[in-house]
Structures are given as C-alpha cells and as structure tokens.
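These are the residues of each chain, in order.
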Amino acid sequence: MGSFAGVLIDATLITLVLALAATGLAVVFGLIGVVNMGHGAFLTLGAYFTWAGIQAGLPFLIAVVLSALGVGLIGLILELVLIRHFYDRPFETLLLTWGMFLVVTELIKIVFGTDFRNVPSPLPGTLSMGDIQIPAYRLAVSLFTIVLLFGLAGLLFHTSVGLRVRALVQQQESAALLGLNVERLYRQVFTLGAALAGLAGALISPMLSIDPYIGNVFLVRSFFVVTLGGLGQILGGTVVGSFIIGGSETLFALFSSQVVAQTIVFALAIVLLRFRPTGLLGSDRR
Amino acid sequence: MEKTFGRVSRRTALKGVAGAVAAMAAPSVITKAWAATPIKVGVISPLTGAWTVYGKAHYSGFELAVGEINKAGGVLGRPIEIVVGDSKTEPRIVVEQANRLIRQERVDFLAGTFSSAERNAAGPVVAQSGKLLLYPTWYEGQSQEFYPGVCNKGIFMFGPEPSQQVWPHVDYIMKKHGKRFFLIGSDYAWPRETNKMFKEKFKELGGEVVGEVYIPFNTPQYESVLRDIRNAKAEVVFHSLTGSDTVNFRRQMHAAGMNKDIALWTVDDEEVVTSGLGPEVSAGTYVSFDYFMTIDQPNNKAFLEKFRAKYGPDALVNTVGVGMYNAAHMLALAIAKAGATDTAKVRDALGGLTFEQAPQGPVRMRADDHQAVLPSYLMQVRNNWTGVNDMFQQVQALPSVDPVPAKCKLPL
Amino acid sequence: MSMAVADGRARNRRLGEEIVAAVLFLLLTAIPVVTSGYVVYILPQYMLYGMLAMSLALLWGNVGILSFGQAAFFALGGYALGIVMKEPLAINPAYVGLLVALVSAALIAALVGWFLFSAGVRDSYFVLVTLALSIIAEQIAVSQSQWTGGWNGLFLMRMDLTLGSALTYSLTEDAPAYYAVLVVMVITYAVLRALTRSRFGKLLAGIRENELRMTSLGVSVPLCKTLAFAVSGAVASLSGALYGMHSGFVSPSLGGVQFSTEIVVWVAIAGRSSLLAALIGGITVSSISNLLSSITPQYWQLCIGILFILVIAYFRGGVAAALPSLLGRFRSHP
Amino acid sequence: MTETLLRIRGLSKHFGGVIANADVDFELPAGAIASIIGPNGAGKTTFISMVSGHLKPTAGRIEFGGHDVTRLSVEKRARLGISRKFQTPSVFPNLTVWENVELAVLASRKRPADTDQRVAQVIDLVRLAEFSGYRAVSLSHGQRQWLEVGLLLGNDASLLLLDEPTAGMTAAETHATAELIRRLSRELGLSAVIIEHDIQFIRDLRAPVTVLHLGRVFAQGSFKEVSADERVRSIYLGKA
C-alpha cells in the first residue's frame, strides 16, 4: 500500500499549502467579518515582493519577512483609507476589496510587467520515505504552516490580545462597552490578515510561476476553505476546509479526470455551503 | 525590453488616435512620405491578458518585417501600414477587433491571433469578409470539424503542427531514454490532438504510453500527477501543458527530484517560458520547435542582429515571433507576385511561395492546405545557462519537414 | 396633499426614465440609417451586453442579490443555441435553440436558487456560490469538448427569422441583425421594467429592504428570490444566445469569472438600481473599453478599477444616481 | 359564546440547558386583546416568537382558528393571519410610508380591489397621513412603531402579536396607541397579544393580563387582580 501512503502524503501537503494560503483570509473573515476579495492580490504582491527581494540580493528568509511586512503595511494603508469606513456594511467591503483586487493586479502589471518571474527554491533537495520522495521545501512549508496555525491559535486563546479579539467576535457592542478600542482591533486584525497573505504568497513563490494572476488560483479555493471551515475556527476550520477542497480534489482525481475532480469539489462546496447557510456572518438578521 | 515595448505601444497608440481622426478627416495626413496609399494590415496580438508574455515577440516579429519591407521601398511602390488590435487574450475581443480592423480600419489583410481559440474566433469574420488571416502559432493541425477556424481558404498557417514538431524526434528520444512515455497536457484541443498524433507515430515505433493526464487550467498543485508518473515507472514525460501551468508543473517536478531519472520533452516551452523557469528547473529538458534563437543558421544570425538592433540586446523572440516575421515577408512577396492586393490573387500567389530568408531556414507555404513546410529542431536545455544565447544545445535538426495533409476538403 | 406629493414625485421620476429610454431607443434606431460598417456591426453585441447588465441589475438593484455568475448563464445561452442549431430539425432550429437557451437557464437558475435560498443562503455566501458557478461553467465548457468544442470554441451561424415557409428574413447582413437585436433588447427592457413595477417587483424591492419583514408579511422570500434568479438567468442566457449567433463564435471564457466581473463593474458604475442605467452602462462601458483599449490598454483597466472603488465607496447608486443630483433636478426626501 | 382564536397547550422552549418557556397554556378568544407582562428574561419574546413561528417550540401545541400551526413556517402563519410587530420596529427604511403600507397590502392574503384606497385607509388609521411621502428612516421611533402596526393592518392580519409597541413613545402617544389597539379590536374585530413593560399602557388597554415569570405562567387575570397580587409585586421587586 505504498501508493496509499503516497496519496495520504500528497493530500496532506496539498491541504497544508492551501491552508497557508487561506489563513490570512480566515483571520479577517472569521474575526471581523470582512470578505476580503483582495486576498488574492495580497498573495500575488507577497510573491512579487519576494522576487524583488531576491533580485536585490537579499537572502530568501529576509525577503519573505520583508514581503510579509510590506504587504501588511499596504493592508494597513488600505484599511485606513478605505475599509474602516465600511465595517458595518459587509457587502460594501466585499465589493471594495474586489475593486482593490482589480487595481492592485493592474498596478502589479504596470510595475513588474507580465513576464513569468521565478524565485529559486531555497531547499532544492528531496527527502525519501521508502519509495516516496517528498520535496524538501514543500515539507518545510507544510511544517511551517502547522507551526503558524498553532501559533495563531496560541495568540488567540492564550494572550490578552486574543482575549480581546474573541470578545470582539462574540459581542461587538459589549466589547466596546468594556472599553476595548474596537476600531484599533479591527485595524490590527485586517493588517495581520494582509501580512499573512503576503507571507503565504512569499512562501508559495518558489513552488509556482509568478505572474500577476497567481493569487487568483488560490482566491476562490481559499474562500471555500474559510466558508466551509467556519467562524473563528482559525486552527481547525482552516485545516478541515483545506482538506475538503484540496485533499478531496486529490482523492477524486484518483477515480476521475482532474477537471471532473475540480468541478465536483466546487459543486460539493456549494452543497456543503447550503447546510451551513448563515454560518458566519449570518447571525445578525436585522 | 520593457522600455522598448512601452515605446511600441505608445507609438501604436498615437497611430490609433491619429488613424481614427485621420480616417474621418484627411487620409493624406498619414501618407506624408509616400505618394501611394499604404497597404493596411491589421495585426491582432495578445498585448494584455493571460498570454501577454507571448504578446511582445508576437507583435514585434511582424513590426520588424514591415519595417524592413518599407525600408526596401514597400510593395508595388506602396508602404505597408500596421493597424494594431489588442486581443486581451480573449476570443470575444478578437471578434470585436477583427471586425473593427476590417470594417472600420479597412485593412487589406489580417495577421496574428495567438491561440487556436483566438484564431477560431476570427475564423467566421475572415470567412464572411473574404479577407486573409496569417496565423503564426504552433497548433494542433487542421480538420474539417473546426471550420471556419481551420480548413478555411482565408487562413494561412505559419507555425508547425504535431507531425512537424513532434514526429521527427520521437525515435531519437525513445532510443536515448526508453519506451515508457507519460503524457501530460492541459485539458483542451491542442494537447489532446498533439498527443493523439504523437501516439500514432509512437505505437508504430513500438513505444508504450504508461499514462495520459489532462490538467485543468490554473492548477497550482501537482502532487498526485507526479506520484502517478513515478508509479507508472515512466522514463520520459511528454509535456504539453500551457501558460503558468507548465511552469508550476515543472517547478514541482524538479522539486520532487524527478528530473534526475525521468527525461522531459516539452512542445510548449520556448525561450520565453524557459527563461521564466530558470536554469535549475529547466536543465536537461528537451524542447522541439521550428525555430530557436540559438539555431545555427546563417539567416538567423542576420535576423537576430536586426531584431536586437531594434528591440534591445535582451529582447526575446521565439517561434511565434518568427512566424509573424515570415508571415509579413511572405505576404509582401505574394502581393508583389500577384501585382495586386485583392484577396483571391494574393491567396493564389501565397500558396506555393517560398521564403528563402526565413530565420529558421527556407519556409514554403503549401498551396493546397495552407500549411507551412518548416524545419524542425530538437534542443536540450543546457545546465547552468545564463541567457538565451547559451540556453539550448542543438540535438537534432531537420531542414525541411512536410506536415501531414490537412484533414480538410482539399484543395482549400 | 402630502400623499399626492409623494405620488407625484414618484411619477415624475418614472416619466424621466421613460423619456431617457425613448430617446435612447430612437437614437439606436437611427444609427443604421445614418451610418454603416463597423458601428452597425458591433453595437448589437454591446446592446446584448446591455441586456446582460440588465439581468444583473434586476437581481442586484431590485432584490439585493449580487451574482458573479451572470457570465455562466450568458455562456449557457450561447452554447445551447450553438448546439441545437447543429441539429437538423423540422422547425427552425434557431427558434428551438433560443427556447432551449431560455428554458435551460431558467431551470438551472431555479434549481440552484431554490437549493440555496430555501436554506437561507444569503449575501456574501451567495456571491461565493455564483463565483463557483462561473468557474464550473468555464470548466465544463473546456472539458466537455464533444459538445462545446472545448477551448477551441464553437461556431454558430447567423439565424434566419422564418414564419412558416412563406417568410424568411436572414440576419446575415448587419442591418437586419442590428434591428433584430434592438427589438429584442427593447422588449426585454419593457418586460423587465413592467416586472419591477408589478406586484412581484414591489415584493422583490421589499425583500431587498427588509427580508425578515417580508417573511412576516406572509411572503415566501426563497420563492421570490428563486423566481428573480430564474428570470435573470433566462435574460442573461437569451442575450448570450443572441450574442453567440451574432458574433458567430462562443468560447469558454465567455462563462468565466473575468467576464462576470466585468458585468458587475458595468452595473456598479452605471447604477445598479435602474434597469435603464445598467443597460446604458453595459453599452457604453464596453464601447469605451473597445475604443480606449487600443490607446492605453494598461491604464484603461486601472482606471476602471479605480472608478469602481470610488463608485462603491462614494456613489452607491452609480452614475445614474449621481447625475440627477449633480444637475440639481432631484432633491432627496425631506 | 365567542370562539377561541388562539389555543396554546404546554408550550415549552429550551435553549440548551436554559428553559425559556415551560408548559405555557394560553387562550385568546376571537376579537379579544390580551397582554403579557413579566420581568426581563421572563420569556415573553420567546413566547411571541413561537406563536409567530420565528422559533420552533421544544414541546407543546399551538392552534390558530382550529388549525394546528405548531410546525408551520413564519410566512405560512402570516398567510393565515398571524402577524407580528418586532421589539425594534422592522419596516422598510428606504421606502416611503405609503410604499411601506402598499407592500403590506400587496403581500396580503386577500388583496383588496382598490389597493390605493386600502393603503390610504390604513395610513389614516395609524395617523401617519401627513407623513405618507416620508421615508421610514426619517420617522420618529414612535411613528415607526405605528407604521409597523400599519404594515400588519395592511397585510390583513387577524391576530396581531405586538412586542413592546410603545417603546420610545411619549405619554400622549402611548395613550393614543392603546386607544388605537382597542379601536381595532372593537371596530375591525382584530385580536391582539401585547407584550409591554409600560404598566400605564397595560392599564389603558383594559385587557386580561398574563404574567410570565421564569418562563412559566405566574398569574392571570384582569389588570386590577394582577396588580393587587402580592406575589406579582414581589417578582417585579426581584424577591420571588
């Protein structure tokens, strides 16, 4: 059953990479209810910043950190200028972030051009497990994703910042009454989400070709990951959602063509969504 | 490179504005240097959208040739004028642009479109308007099923089809690397047709297809495919993915350490894509096309000199750019031969015409099915290459390969 | 007295829109008379985009449902007509094809709509589902190549309008095709406008304003939404079918996310709450896009993106709502 | 003898371990008014929500006009004539008063031949005639309460479930509201169940009072009887 183990490892790697890509979205969506359609553009920016860093002669890890910070900064600016005025209208934030996505993608095209860019893999080797070979870099990124998710969970459940954020999620009005600076928390969460997207884009960049549309590939998948995962379930939800979208695509592909597998997974996501209809944002019915 | 392109599009932009104004006001404005009215050719290139990467080479190939023709005095004493249309890599936009070029700009000929889908979108327009379309890209061959996108007497193919791009090299690769081939391609007509033709030849030579997979566009992760390849104990991967997927797949295949014991043969990754892959990932890969920048051909040296003089030392050109270049020159030759610009005469003149100065070596346009007789090269990517000049090592070269006859009602 | 004021005000606005619509339709009618060539060829395609935009405005402006899936229905229409027209049928296959396009889109929209709305799937979630619809539509169009021609697309013929065996009116020439599309567009506008002003349309507006209240008034909100989605899908599909017929070619990207996005942008900029604004938006934005794309392709896309953000952030009603107040003709309620 | 319009037996609602309503019995004759009072958290709104269909009961049975409606959805109950006004007024904020009521009329089960006439009539009833061209958002809180009652009337409800209809009203408005409700019952034969905090208003209504406490029926009777009850006083003072 070597191939079974192989499938399992593949599904795990795919799940974790997808989870990494979706985490920033999960944080923003889950905690402050913003459907950040700009997430894909943030991912793309992260990848381009990393490429630019490497071009400038920086070591990979430094480039990754700078990319995350840079995208976080852009997220912060957008929050200050635009998003913060629309938190009470989730639908408007959805459209605004979609507009952001359009604009950022165009700016990337103008600034970086449209050629395929390429970040060399910092860990080119592979690890062998019996007859299964695992790319070292993918493994490292997957392990990092696990650490990142646990870290976020720790931040959320074992620190005072986390307590405040959770209070905010559960009851916005009372959180404000308790003297929490709701506005600042929102800004921090949005910035964190952007930085996480930038980080994901940076870490994914050595696996993929970098072009202005790289984030699109992950955008819709990430959305389903987060929606299926569920509100505030940053650790469990993202992993479960990633497995349903990414892992099941791998499994379905065993029995059907890749295209059919992808179509089935999206259809399945729609069906699952129906049974968690108001799941996240829907608590407020007024 | 960027700068050059920016200049080009600004110029075309001005031309567009001027054209729009002048077309209404005074036609004489454009023709200041020429006594005769120009022959207008509409060029539809993917200047924005998903295939922008190919757009530069695509457009500049034609532009370069037109510059040469005009410098040499034009055709029939008339200059050639390009009117550009951006396809946005969208067949829907190609329909708009092709109609605009023909009906509003009143071009005499059309050249370009990049993908088969784009060419097909232009097909009905060409058929209805009775114009010619010169198509530069490697493609899946012609069959009556897709009329009027192919088998259209108004469309000429300047790129290779699988019997030219693939067949001549199957034997070599099998002998060198083994008979167990795994086929992977994007899920659409070109890869499927290419693989079908590939298998035709392959079975004849006694090879074994151990797997055949088609991947949807924009697939980011390839673990399961790579596992299948390994489990199938493939010796060669025959690869016809396109766009960013080709890069994604190959980077992940490389990361999985599979390049060491499995040979890879791609029919999609010319200079532009290989540059995007970088030397580590691409080293050792086989690539086959009718043209490479590094082929050892006297025509090519002269061509590259002119190309680099115009677009800078780092500019990339590829089979598509050269296809467009040949298209422009052969059009001029055909017009000269016909002594007129009317479609029927030029069509007849273009059929059977040979262009001796083609960068890849002499190219002949077949009269009965409008497919080009082209050279075919098999190249291997060098280790640690630093640029297009040392990117490919020539493995096999055939000076002239006849494509299989188009599956159309012939003659077209 | 005050009642009369309210009533009168509403009537004025309606009349204003009717005048604009009449002027627009007259202008469009006159164009082939005064000119020919490319404009007469291309405008019908943009009018069909306008119809597509109306199908979205019906949903978004009137019911408050945003769909990133309109392109999926547009493509469905094109493919349905294309596939049916290949069949040798006793009656004009184009008529059958148009019918199939309408009915299949309405059915699919009704099924998907009911499946989701009856479970209370709303707002952002529905947007995600429609986004997935577009992706699925494009995938199917690419992969089911025995029907759709895959990535290589599908060719269509210009249809003939026939009445028995006596009358045949070919749409191959530009002007007849132009007028055929114009007539369909005007009828669609009239029907949709009547629909929004009917009892059903008012119920839809009520749902947009306060869903919970409508339920408490005894209205089946899922049913109304489903019907609206079905009508919208059918209109999108009809415009797609005619588009395919007119352009002679359909390909998978017609159903994709990118085109869906463009539709949302047209409607947002022009004004989601008015069918006429959406119609004009679809026509003008795509015309200008065509005109400017050859001049400044990069910056044009960027400008559209920025304009989109500005409209969403500052002029929720789009140009349609901003214009009258700019002209000072329309004062908001006291 | 008047026929019983609403008959409720053993109605219970549990939220996890929390008991919101337990074994509530309740009856309302056709054309009658009843009021329900009780301290915060007594389960009043839960009770109304189960009658309107917004909450599904854990146990018990609701009969309306002889039909079992326990399992029916909100909109089906509304189509039978059960209509609810929410604690926070739920109207159509961006539509005018006229359009608000028109929608209710259009959504009603028996649509009148002349919609406009009916709309005007309802707007008159709820005393909003001079505001008919105003958008609902621009009304005062009290006016919005009336507008919502107008929606129920326009919708042709036979049983009005009113959750705190006088919140945010002046004393004079509160008095007028009580008058209105009594008039509706008297002249149009409508029934109503009213939840209220305002004791003055309950007195004005002159209707039977049910006291809920910790989800159970604590006392029932006329206003006089209930207000004289020591136990009722003590729960309001937080002793029982």
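Residues numbered from 1 in each chain as written. Chains lettered and ligands numbered in written order. Predicted model: local features only at pLDDT ≥ 70, side-chain atom pairs only at ≥ 80, totals over all residues. Heavy atoms only, no water.

Would you mind going over the overall build of chain C with me for this structure?
Counting its regular elements, chain C contains 14 helices and four strands. Since a compact globule built from 334 residues should have a radius of gyration of about 20 Å, the 20 Å found for chain C is in line with a globular shape. Considering chain C as a whole, with its 334 residues, one finds that 61% of them fall into the buried category. For chain C, the share of sequence-separated contacts (at least 6 apart) that also reach a separation of at least 24 residues comes to 78%. Surface accessibility of chain C: about 12,500 Å² in total, with carbon and sulfur atoms responsible for 71%. (Helix = DSSP H or I, 4+ residues; strand = E, 2+ residues; numbered from the N terminus. Rg over C-alpha atoms; globule rule 2.2 N^0.38 Å. Buried < 20%, exposed > 50% of the residue type's maximum accessible area, 1.4 Å probe, protein only. Contact = heavy atoms within 4.5 Å. Areas by Shrake-Rupley, 256 points an atom, 1.4 Å probe, with all protein chains shown as cover.)

What is the right way to look at unusual backbone geometry in this model?
It is generally the case that most residues other than glycine have a negative phi and that most peptide bonds are trans. All names here are of chain B. The residue after Y147, namely P148, is reached through a cis peptide bond having omega 5°. Tracing the sequence through the fold places P148 in the loop between β4 (133–135) and β5 (155–157). Even without being glycine, K88 reaches a positive phi, approximately 50°. Among the structural elements, K88 can be located in the loop between β2 (80–86) and α3 (91–104).

Is there a simple way to think about the packing of helix α11 (residues 258–274) of chain A against helix α5 (residues 123–143) of chain C in this case?
Working note: a packed helix pair is described by the angle between its axes plus the distance between those axes. Across the interface, α11(A) lies against α5(C) with an axial gap of 10 Å and an inter-helix angle of 160°. With respect to α5(C), the element α11(A) is oriented roughly antiparallel. Note that α11(A) runs across α5(C); the crossing there is left-handed. Residues V259(A), Q262(A), T263(A), F266(A), A267(A), I270(A) and L273(A) of α11(A) lie in contact with α5(C), whose contacting residues are Y125(C), V129(C), A132(C), I135(C), I136(C), Q139(C), I140(C) and S143(C). For the contact of α11(A) with α5(C), the per-class residue count stands at 11 nonpolar, four polar and no charged. (Axes fitted to C-alpha atoms, helices over the stretch in contact; angles between N-to-C directions. Parallel < 35°, antiparallel > 145°, perpendicular 65-115°, else oblique. Left-handed = near helix turned anticlockwise from the far one by under 90°. Nonpolar A, V, L, I, M, F, W, Y, C, P; charged D, E, K, R; others polar.)

Would you mind showing me how to read the sheet that holds strand β7 (residues 159–163) of chain D here?
Backbone hydrogen bonds are what pair the strands of a sheet, in a parallel or an antiparallel way. Residue and element names in this part refer to chain D. The six strands lie next to each other as β6-β7-β8-β3-β9-β10, forming an open sheet whose pairing is mixed. Two strands close off the open sheet at either side, each with one partner strand: β6 (82–85) and β10 (216–221). When the angles between neighbouring strand axes are averaged without regard to direction, this sheet yields 20°. Here strand β3 (residues 33–37) runs beside strand β9 (residues 209–213); their pairing, made up of three bridges, is parallel. The partner of I37 across the bridge, within β9, is V211. Across the face of the sheet, helix α1 (residues 44–52) comes into contact with β3, β6, β7, β8 (191–195) and β9 while running at roughly 145° to β6. Against the sheet, helix α6 (residues 171–188) engages β3, β7 and β8, with an angle of about 145° to β3. (Pairing = 2+ DSSP bridges.)

Got a minute to help me understand the interface of chain A and chain C in this structure?
The extent of an interface is frequently quoted as the accessible surface area lost upon association of the parts. At the interface, 39 residues of chain A touch 41 residues of chain C. Buried area between chain A and chain C, both sides added, is near 3,700 Å², and the carbon and sulfur share of it is 77%. If you look at where chain A meets chain C, you find one salt bridge. Note that E92(A) and R272(C) form a salt bridge whose closest N and O atoms lie 3.9 Å from each other. Linking chain A with chain C are three residue pairs in polar contact (both at pLDDT 80 or more), by the criterion used here. (Buried area = accessible area lost by both parts, 1.4 Å probe. Salt bridge = Lys/Arg side-chain N within 4 Å of Asp/Glu carboxyl O. Polar contact = N/O pair within 3.5 Å; in protein donor to acceptor, adjacent residues only side chain to side chain.)

Looking at this model, I keep getting lost on helix α8 (residues 199–209) of chain C. Mind explaining?
Note on helix geometry: an α-helix contains 3.6 residues per turn, so any two residues three or four positions apart are oriented the same way. Across the 11 residues of α8(C), eight count as buried, placing the element largely inside the fold. Listing the buried residues of α8(C) in full gives F200(C), G201(C), L203(C), L204(C), A205(C), G206(C), I207(C) and E209(C).

I would appreciate a short explanation of the sheet that holds strand β2 (residues 18–29) of chain D in the present structure.
In spatial order, the strands read β2-β1-β4-β5 (chain D); together these four strands make up an open sheet with antiparallel pairing. The open sheet is flanked by β2 and β5 (67–68) of chain D, the only strands paired with a single partner.

Is there a simple way to think about the confidence of the model for chain C in this case?
In regions of low pLDDT, the predicted coordinates are not meant to be interpreted in detail. Residues and elements named next belong to chain C. Looking at chain C, the pLDDT average stands at 87 and 91% of residues meet or exceed 70. Confidence over residues 1–9 falls short of pLDDT 50; this stretch has 10 contacts with residues more than four positions distant or in other chains. Under a pLDDT of 50 for its full length, residues 329–334 has, in the predicted model, 11 contacts with residues more than four places off or in other chains. For this predicted complex, the interface confidence comes out at an ipTM of 0.86, alongside a pTM of 0.89. (pLDDT = per-residue confidence, 0-100.)

Hey, could you run me through the pattern of salt bridges in this one?
Using the criterion set out here, one finds 44 salt bridges over all chains in the structure. Among the salt bridges present, the one from R187(A) reaches E183(A), with a minimum N-O distance of 3.7 Å. Separated by four residues within a single helix, R187(A) and E183(A) lie in helix α8 (residues 182–204), roughly one turn from each other. Two residues, E105(B) and K40(B), come together in a salt bridge whose shortest N-O distance is 3.8 Å. Taken together, the positions of E105(B) in the loop between α3 and β3 (109–112) and K40(B) in strand β1 (residues 39–45) put the pair 65 residues apart, joining distant regions of the chain. Since its relative accessible area comes to 18%, K40(B) is described here as buried. One network of salt bridges, with partners in common, ties together R7(D), R9(D), E27(D), R61(D), E63(D) and D68(D).

What is the right way to look at the pairing of strand β9 (residues 263–266) of chain B in this model?
Each regular strand shows side chains that alternate between the opposite faces of the sheet. Residues and elements named next belong to chain B. Burial of the side chains of β9 extends over both faces: A263 and W265 are buried on one face and L264 and T266 on the other. The sheet contact formed by strand β8 (residues 236–240) and β9 spans four bridges and is parallel. Along β9, the bridge assignment pairs F238 with W265. Considered for its hand, the β-α-β crossover made up of β8, helix α9 (residues 243–255) and β9 is right-handed. Where β9 and strand β10 (residues 286–289) come together, two bridges link them in parallel fashion. (Right-handed = clockwise from strand over helix to strand, strands pointing away.)

Please explain the packing of aromatic side chains as it appears in this structure.
Aromatic ring pairs: the centre-centre distance and the angle between the two ring planes describe each pair. By the definition in use, this model includes 45 aromatic pairs over all chains. Ring geometry for F117(C) versus F229(C): centroids 6.3 Å apart, planes at 90°, classification edge-to-face. Linking F117(C) in helix α4 (residues 93–117) with F229(C) in helix α10 (residues 221–247), this pair joins segments that are 112 residues apart in sequence. Take F117(C): its relative accessible area is 4%, and that puts it in the buried class. You can call F229(C) buried: its relative accessible area is 0%. Here F131(D) and Y134(D) contribute two aromatic rings whose centre-to-centre distance is 5.5 Å and whose plane-to-plane angle is 90°, an arrangement assigned as edge-to-face. Its relative accessible area of 30% is what places Y134(D) among the partly exposed residues. Taken together, Y54(B), F114(B), W138(B), W190(B), F289(B), F292(B) and F392(B) form an aromatic cluster joined through their ring pairs. If you follow R119(B) out to its NZ or CZ, it ends over the ring of Y135(B), 4.7 Å from the centre. (Phe/Tyr/Trp six-rings, centres within 6.5 Å; stacked < 30°, edge-to-face > 60°. Lys NZ or Arg CZ within 6 Å of the ring centre and 35° of its normal.)

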